[in-house]
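Results of the structural survey
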Amino acid sequence: MTDTNHGDMFSEEHLKPFLPDQAFKARALIHDQALYRKAEADRLSYWAEMAENIEWINKWDQVLDDSNPPYYKWFVNGKLNVAANCLDRQVDKGLGNKKALIFEGENGDCTTLTYSDLLKEVSKFSSVLAKLGVNKGDAVTIWMPMVPEAIITMLACTRIGAMHSVVFGGFSPEALKDRILDSKSKVLVTADGAFRRGKTIPMKSAADEVLQNCPSIERVVIVERTGIPFEKVPNRDFTWTELISGAESDFKAVIMDAEDPLFILYSSGTTGKPKGILHTTGGYLVGVNATFRYVFDHKENDIYWCTADIGWITGHSYIVYGPLSNGSTVFIYEGVPDYPAKDRFWELIEKYKITVFYTAPTAIRSFMRWGNQFPDGCNLGSLRLLGSVGEPINPEAWLWYHEHIGKGHCPIVDTWWQTETGMIMITPLPGVTPLKPGSATNTFPGIEADVVDDQGRPTKTGQRGFLVIKSPWPAMLRTLYEDHERYEYTYWKQYEGLYFTGDGAWKDADGYFWIMGRVDDVLNVSGHRIGTMEVESALVDHHSVAEAAVIGKVHEIKGHAITAFVTLKEGFEGSEQLAQELKKHVGKMIGAIARPEEIFFTYELPKTRSGKIMRRLLRDIAENRELGDVTTLMDPQVVASIKDGFKE
Ligand code: WT7
């Protein structure tokens, strides 16, 4: 792990760091090192100061309780409500008529909600949820397209103190079922369907296939977005419209303890079962509030667009809670970037005069491939800051983004973080940090990270190791939902007192972090995390499959392409048709994002003597590299047979 030297990858000659534009710097919230110095001098009083930007009903007694690691408590005994911070407080500050949410649908319909409007809608839906029997501490599952009701539902949950569990709309009903069962949600909020590239995709009727196996669900709420017909189970299913009409709009925000659960968000890990990452109230809000303000250099008249879906943590932290708790104007779009044409996003930036644009490297690489004519044909002059998240951004994509979208004058914030961290952890601050394309640069003030070797010792400059976080941070996950053991095992057992991120990284001579991607059995496909074991379980679930091994093959646009090696049961023969059927089956079990790109049938899988599948070897085969050390292999013959099969 530590023998590769990357120190000279970005020598001075190669590329000079990009310094912040003088004009940008002059207006930036953070334009010098003071915040870094403050955080270094006294981390906890710095976080206490950050917490002053939140409205507390009762102030906390203690910033951090670290007496029982790895169970940390932040802002002990503080009382607050997150939705009240995002809505009531903004209205009280005089922002009632300011736009909170601007929505454009795939077919061009547009809805704008001011802070007052949003407060009213959220209050109404809070009354609805309460009437449906949702209490503080209950779980509500949200499985919806990117429509304002999804955000209203999230905020209504936090208003009444219920935990939301948002399941990405692209996940399959089977995946939805697993997440409902794990969270024991009482209510499902969904839609009749979603628009996708001019077509409609049913959701409610698809959910019905699994709902009879979800005993915890007492009520289902359906937003009628597309007009796709669906059936209503009496006393269980209600439309959004019928519930909301006549609902009281003065629902008072419930008082929450800083450590009360705020939401669960499922994310892939190294086993077949997704992890229910649990975030709590006070620390999370302080973390996303501060990072949103400083990383995106919040300005009163910004129109901010983060292209993530609310089904991912980016949507939670940087579409909903970070921006709204800062009183920002958030733009959301329902559709994809290349429908009806490949200039859709640029057209929207021009139309809504977007000032801050936050997207993923996989999207940037697609834009690049589609050609400059699409962004060049639109007026992108409103943009002042760009962001990137989800996976390492290759310097080529960074430079293209800088030149063709940012027109050379917009800083790019490459933000490293995770579902678990809740908030941005490693990032430039756009008014101060010299940028190096491909590096997420430095820790956010108040965050302490390092790169260590397998013994937990800091690596030398240029040497690759494991990225760790050295001290607790406010928005950190508190546990895995009802699975403390897995929480401890996954994050805290590798190194004494250090949080293990699962990413490989190295630091350059300036102390900049260069993130290399996952070192565990987790893939990053188009910026989405998929566990190899999850895909393997889905494949093995098919009646023809005996065994499966899944790897990520390096892919130009997606980062990783899911590649599966499959051995079949007696009596089954590998064929193109069966490969198609297996891909479809994975789509059914998890969702389209997890469908393998390629499937290879083989007589045996390469395993170590202890029976562990040698994924590294499969990766080498798939990417046509020379094979490394195979001496620990159980049956070296297997490699030859797979390689032959692969070439066919
Ligand atoms: C994993 C977390 C954080 C929201 C989106 C993904 C990778 C994320 C970067 C970045 C290099 C990155 C890491 C991390 N990652 N951002 N700027 N540079 N890698 O959230 O699904 O929890 O995935 O995404 O590998 O561990 P997630």
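Residues numbered from 1 in each chain as written. Predicted model: local features only at pLDDT ≥ 70, side-chain atom pairs only at ≥ 80, totals over all residues. Heavy atoms only, no water.

Next up on the list: the overall build of the protein. Counting its secondary structure elements, the protein contains 21 helices and 30 strands. A compact globule built from 648 residues should have a C-alpha radius of gyration of about 26 Å, and the protein, at 24 Å, falls within 12% of that. Each of the 648 residues in the protein was classed as buried or not, and the buried ones make up 61%. A separation threshold of at least 6 residues defines the contact pool for the protein, and within that pool the share at least 24 residues apart is 71%. Summing over all exposed atoms, the protein offers an accessible surface of approximately 25300 Å²; the carbon and sulfur share of this is 49%. (Helix = DSSP H or I, 4+ residues; strand = E, 2+ residues; numbered from the N terminus. Rg over C-alpha atoms; globule rule 2.2 N^0.38 Å. Buried < 20%, exposed > 50% of the residue type's maximum accessible area, 1.4 Å probe, protein only. Contact = heavy atoms within 4.5 Å. Areas by Shrake-Rupley, 256 points an atom, 1.4 Å probe, with all protein chains shown as cover.)

This part covers the site of the ligand. Residues in contact with the ligand amount to 17 residues; listed here are only the nearest, D414, T415, T419, D503 and R529. Between the ligand and E391, the relevant distance is 3.4 Å, taken from a nitrogen atom to a main-chain nitrogen or oxygen of the residue. Between the ligand and P392, the relevant distance is 3.4 Å, taken from a nitrogen atom to a main-chain nitrogen or oxygen of the residue. Expressed as a share of its isolated accessible area of 550 Å², the protein-covered part of the ligand is 95%. For the shell around the ligand, the elements supplying multiple residues, two or more each, are helix 12 (313-325), strand 20 (412-415) and strand 25 (513-518). (Near = heavy atom within 4 Å. Polar contact = N/O pair within 3.5 Å; in protein donor to acceptor, adjacent residues only side chain to side chain.)

Here we take up the packing of aromatic side chains. Tallied over the entire structure, the rule returns 41 aromatic pairs. Ring centres of W506 and W514 lie 5.4 Å apart, and the angle between their planes is 10°; on these two criteria the pair is classed as stacked. Here W514 falls in the buried class, since its relative accessible area comes to 4%. Pairwise contacts between aromatic rings join W305, F331, Y333, F345, W346, Y352, F357, F367 and W370 into one cluster. Here K59 stacks its cationic end above the ring of W60, 4.8 Å away from the centre of that ring. Its end group placed over the ring of Y294, R293 keeps NZ or CZ at 4.8 Å from the ring centre. (Phe/Tyr/Trp six-rings, centres within 6.5 Å; stacked < 30°, edge-to-face > 60°. Lys NZ or Arg CZ within 6 Å of the ring centre and 35° of its normal.)

Quick look at the sheet that holds strand 12 (residues 237-239) now. Pairing within the open sheet is mixed, and its 8 strands lie in the order 12-11-8-6-7-14-15-23. Only two strands of the sheet have a single neighbouring strand rather than two, namely strand 12 and strand 23 (479-480). Pairing geometry for strand 8 (residues 187-191) and strand 11 (residues 219-223), over 5 bridges, is parallel. Residue pairing for strand 11: V187 is matched across the bridge by R219. Strand contacts of helix 9 (residues 204-211): strand 6 (139-143), strand 8, strand 11 and strand 12, with the helix running at about 150° to strand 8, the strand carrying the most contacts. (Pairing = 2+ DSSP bridges. Axes fitted to C-alpha atoms, helices over the stretch in contact; angles between N-to-C directions.)

Taken in spatial order, the 7 strands of this open sheet run 5-4-17-16-18-19-20, and their pairing is mixed. The sheet is open, and its two borders are formed by strand 5 (110-114) and strand 20, each paired with just one other strand. On average, each strand axis in the sheet is tilted by 20° relative to the strand beside it, whichever way the strands run. Note that strand 4 (residues 99-104) and strand 5 share 5 bridges and pair antiparallel. Pairing of E104 across the sheet is with C110, part of strand 5.

In the case of a regular strand, side chains alternate between the two sheet surfaces. A two-sided burial pattern is seen for strand 21 (residues 449-452), the buried positions comprising A449 and V451 on one face and D450 and V452 on the other. In terms of strand pairing, strand 21 meets strand 22 (residues 465-469) through 4 bridges, oriented antiparallel. What sits directly across from V451, in strand 22, is L467.

Bringing the confidence of the model for the protein into the picture now. With 95% of its residues at a pLDDT of at least 70, the protein reaches an overall mean of 94. Note on residues 1-13: pLDDT is under 50 here. Beyond four places in sequence and across chains, it has 25 contacts. (pLDDT = per-residue confidence, 0-100.)

Tallied over the entire structure, the rule returns 0 disulfides. With no disulfide of its own, C110 lies closest to C378 among cysteine sulfurs, the gap being 17 Å. C110 gets classed as partly exposed once you look at its relative accessible area, which sits at 44%. Free of any disulfide, C410 has its nearest neighbouring cysteine sulfur in C378, separated by 15 Å. By relative accessible area, which is 1% here, C410 ends up buried. (Disulfide = S-S within 2.5 Å.)

Across the interface, helix 8 (residues 173-183) lies against helix 9 with an axial gap of 9 Å and an inter-helix angle of 55°. Comparing the axis directions of helix 8 and helix 9 gives the class oblique. Between helix 8 and helix 9 lies a crossing whose hand is right-handed. On helix 9, the residues touching P173, E174, L176, K177 and I180 of helix 8 are A206, A207, V210 and L211. Considering only residue class, the contact of helix 8 with helix 9 consists of 7 nonpolar, no polar and 2 charged. (Parallel < 35°, antiparallel > 145°, perpendicular 65-115°, else oblique. Left-handed = near helix turned anticlockwise from the far one by under 90°. Nonpolar A, V, L, I, M, F, W, Y, C, P; charged D, E, K, R; others polar.)

Time to look at the environment of S205. Inspection of the secondary structure puts S205 in helix 9. Using a relative accessible area of 31% as the deciding quantity, one classes S205 as partly exposed. When the C-alpha positions of S205 and F230 are compared, they lie 5.5 Å apart, and in sequence the two are 25 residues distant.

As a further point, take the environment of D450. Of note, D450 is situated in strand 21. On the basis of relative accessible area, D450 is assigned to the buried category, the value being 10%. Each C-alpha atom, one on D450 and one on G462, is 13 Å from the other, the two residues being 12 residues apart in sequence.

All right, on to the environment of L176 then. Relative to the helices and strands, L176 is located in helix 8. As a C-alpha pair, L176 and I142 span 34 residues in sequence and 9.4 Å in three-dimensional space. With residues up to four places along the chain from it excluded, the contact list for L176 reads T141, W143, V167, L188 and A207.

This model, assessed by the stated rule, comprises 43 salt bridges. In this structure, D508 and K436 form a salt bridge, with 2.7 Å as the shortest nitrogen-oxygen distance. One end of the pair, D508, is in the loop between strand 24 (499-507) and strand 25; the other, K436, is in the loop between strand 20 and strand 21, and 72 residues separate them in sequence. For K493, the salt bridge is made with E488, and the minimal N-O distance between the two is 3.4 Å. Members of the salt-bridge network, linked through shared partners, are E104, R344, E347 and K351. (Salt bridge = Lys/Arg side-chain N within 4 Å of Asp/Glu carboxyl O.)

Burial along strand 18 (residues 356-359) is two-sided: the face carrying V356 and Y358 and the face carrying F357 and T359 are both buried. Sheet topology note: the strand 16 (residues 303-306)/strand 18 ladder contains 3 bridges and is parallel. Within strand 18, the residue paired with W305 across the bridge is F357. Where strand 18 lies against strand 19 (residues 385-389), 4 bridges are found, and the strand directions are parallel.

A separate point is the side chain of T281. With respect to the element layout, T281 can be found in the loop between strand 15 (275-280) and helix 11 (282-295). Every residue in contact with T281, bar those within four places of it in the chain, is listed here: L80, V82, M256, D257, A258, D260, P261 and L262.

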